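# Structural characterization, general
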Amino acid sequence: MFKMMRRLGVITARICVLLFCVCFLTFFFVPKTSADMTVIHATEVDEIDGSGTLDSENGDAFNLSISSNDDSTSLSSSLKILLVLTVISLAPSILILMTSFTRILVVLHFTRMALGTQSTPPNQVLIGLSLFLTLFIMAPVFNQVNEQAIQPFNNHEITQEQALERGMEPMRTFMLGQTDRKDLKTFLEISGTKAEDLGESVDNIPTTTIIPAFIISELRKAFIIGFLIYLPFIIIDMVVASTLMSMGMMMLPPTTISMPFKILLFIMADGWSLIIGQVVKTFY
């Protein structure tokens, strides 16, 4: 019953967030109509150059010319809505796949499993902690993206393509710094790309190759850290299990007795500060 209520609450929260996004986009991006807008009817259009003569309701005639915006650095309202919706839908994937979020979250889950506390801390706490640690670690990268891509694009100094290229450069640098060369080589071989074709510069490596190599490297490092976290708690489990066997208490689960000792060891070692501090330092 509790799980059903929690799931219903999560669905309700998602619906509220979606409605809020729709209202926000409708209020800020949909152009407003004025009551005194003049209705225009087309009478003759030239099919070659896109120009023609239009008549309004008042009978006044004027010429209409159509031009392209190839050199424009601004977006129309419809494209802005499409861009915002795309970013909203891809934001979880971008957060998980291209930042430090994966390694931190996996390590925290290993820590909880090693303690044997099941759902304590809950997933919401671990995800929230991972999110803020990710923002702390990625702050310099996000600042570079803002200074090199977002702000110049908002000031109409660069085009959309240039903003995308400049915004990806700090992210690529971060991912390449955390990616093992053997993982990068593996995906280059899978894609059929030879190292000789890329030259000595890493700028020639496709982003679609860097991202999966980065994820594999993050998972490997997280599992290595999780293994090291497990070792002291496994020793406690073995000592407690052997003690209970020697006392003839075979029906008593060892995890029930070992859990308080695990928590005591974790508190005495200041486990949260130690683990989080060391995980964050692995990115520097």
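Before reading further, recall that the structure is shown in the block above.
All of these numbers come straight from a predicted model, not from anything done at the bench. (Residues numbered from 1 in each chain as written. Predicted model: local features only at pLDDT ≥ 70, side-chain atom pairs only at ≥ 80, totals over all residues. Heavy atoms only, no water.)

### Re the nonpolar core
- Of all hydrophobic cores here, the largest spans 38 residues; its most connected members are Ile104, Val107, Phe174, Ile229 and Val279.
- Counting only elements with at least two residues in this core, the list comes to α3 (101-115), α4 (123-154), α5 (160-178), α6 (181-190), α8 (207-246) and α10 (271-281).
- Top element by residues in this core is α3. It accounts for nine residues.
- In this structure Phe174 touches Met98, Thr99, Ser100, Met138, Val141, Phe214 and Phe283, once residues within four positions along its chain are discounted. (Core = buried A, V, L, I, M, F, W, Y, C linked by side-chain atoms within 4.5 Å. Buried < 20%, exposed > 50% of the residue type's maximum accessible area, 1.4 Å probe, protein only. Helix = DSSP H or I, 4+ residues; strand = E, 2+ residues; numbered from the N terminus. Contact = heavy atoms within 4.5 Å.)

### Looking at the side chain of Arg112
- Relative to the assigned elements, Arg112 resides in helix α3.
- The side chain of Arg112 sits in the buried core without any salt bridge; Asp237 is the nearest counter-charge, 15 Å away.
- At 3.2 Å, the side chain of Arg112 and the side chain of His109 are in polar contact. (Lys, Arg positive; Asp, Glu negative; His and termini not counted. Salt bridge = Lys/Arg side-chain N within 4 Å of Asp/Glu carboxyl O. Polar contact = N/O pair within 3.5 Å; in protein donor to acceptor, adjacent residues only side chain to side chain.)

### Some remarks on the packing of α3 against helix α9 (residues 254-268)
- It is at 9 Å that the axes of α3 and α9 come closest, and there the two elements cross at 135 degrees. Here α3 is positioned oblique relative to α9, judged by the angle of their axes. Within the contact between the two elements, α3 uses Thr111, Ala114 and Leu115 and α9 uses Met259, Lys262 and Phe266.
- The residue makeup of the contact of α3 with α9, split by class, is four nonpolar, one polar and one charged. (Axes fitted to C-alpha atoms, helices over the stretch in contact; angles between N-to-C directions. Parallel < 35°, antiparallel > 145°, perpendicular 65-115°, else oblique. Nonpolar A, V, L, I, M, F, W, Y, C, P; charged D, E, K, R; others polar.)

### Focus on the environment of Leu95
- By the element assignment, Leu95 lies in helix α2 (residues 77-97).
- For the pair Leu95 and Leu135, spaced 40 residues apart in sequence, the C-alpha separation works out to 9.9 Å.
- With sequence-adjacent residues up to four places away left out, Leu95 is seen in contact with Phe101, Leu131 and Thr134.

### Considering the packing of aromatic side chains
- Under the criterion given, the structure shown has six aromatic pairs.
- The interplanar angle of 80 degrees and the centroid separation of 5.1 Å between the aromatic rings of Phe110 and Phe223 together place this pair among those described as edge-to-face. Here the residue Phe110 occupies a position in helix α3, and Phe223 occupies one in helix α8, the gap between them amounting to 113 residues.
- Of the residues examined, Phe110 reaches a relative accessible area of 16% and is grouped as buried.
- On the basis of relative accessibility, which here comes to 49%, the residue Phe223 falls in the partly exposed class. (Phe/Tyr/Trp six-rings, centres within 6.5 Å; stacked < 30°, edge-to-face > 60°.)

### Looking at the side chain of Thr111
- By the element assignment, Thr111 lies in helix α3.
- The exposure class assigned to Thr111 is buried, which follows from its relative accessible area of 0%.
- Sequence-distant contacts of Thr111, defined by excluding residues within four places in its chain, comprise Ile229, Phe266, Trp272 and Ile275.

### With respect to a negative patch on the surface
- Side chains of Glu161, Glu165, Glu169 and Asp203 sit close together on the surface and give a patch of like negative charge.
- Along the polypeptide, Asp203 turns up in the loop between α7 (195-198) and α8.
- Relative accessible area serves as the criterion here: at 61%, Asp203 is assigned to the exposed category. (Patch = residues over 30% accessible without salt bridge, like charges linked within 9 Å, V, L, I, M, F, W, Y side chains within 5 Å. Areas by Shrake-Rupley, 256 points an atom, 1.4 Å probe, with all protein chains shown as cover. Charge placed at Lys NZ, Arg CZ, Asp CG, Glu CD.)

### Observations concerning a nonpolar patch on the surface
- Where nonpolar side chains cluster on the molecular surface, the patch consists of Met247, Met249, Leu252, Ile257 and Phe261 and spans about 440 Å² of accessible area.
- Turning to its location among the elements, Phe261 is positioned in helix α9.
- According to the relative accessible area criterion, Phe261 is partly exposed, its value standing at 48%.

### Side note on unusual backbone geometry
- For the bond from Thr120 to Pro121, the omega torsion is -5 degrees, close enough to zero to count as cis.
- Among the secondary structure elements, Pro121 is positioned in the loop between α3 and α4.
- Despite not being glycine, Gln118 has its phi angle at roughly 60 degrees, a positive value.
- Assignment of secondary structure puts Gln118 in the loop between α3 and α4.
- Overall, Gln118 belongs to the exposed group, its relative accessible area being 70%.
- Its identity is not glycine, yet Asp270 carries a phi of approximately 55 degrees, on the positive side.
- Asp270 gets classed as partly exposed once you look at its relative accessible area, which sits at 46%.

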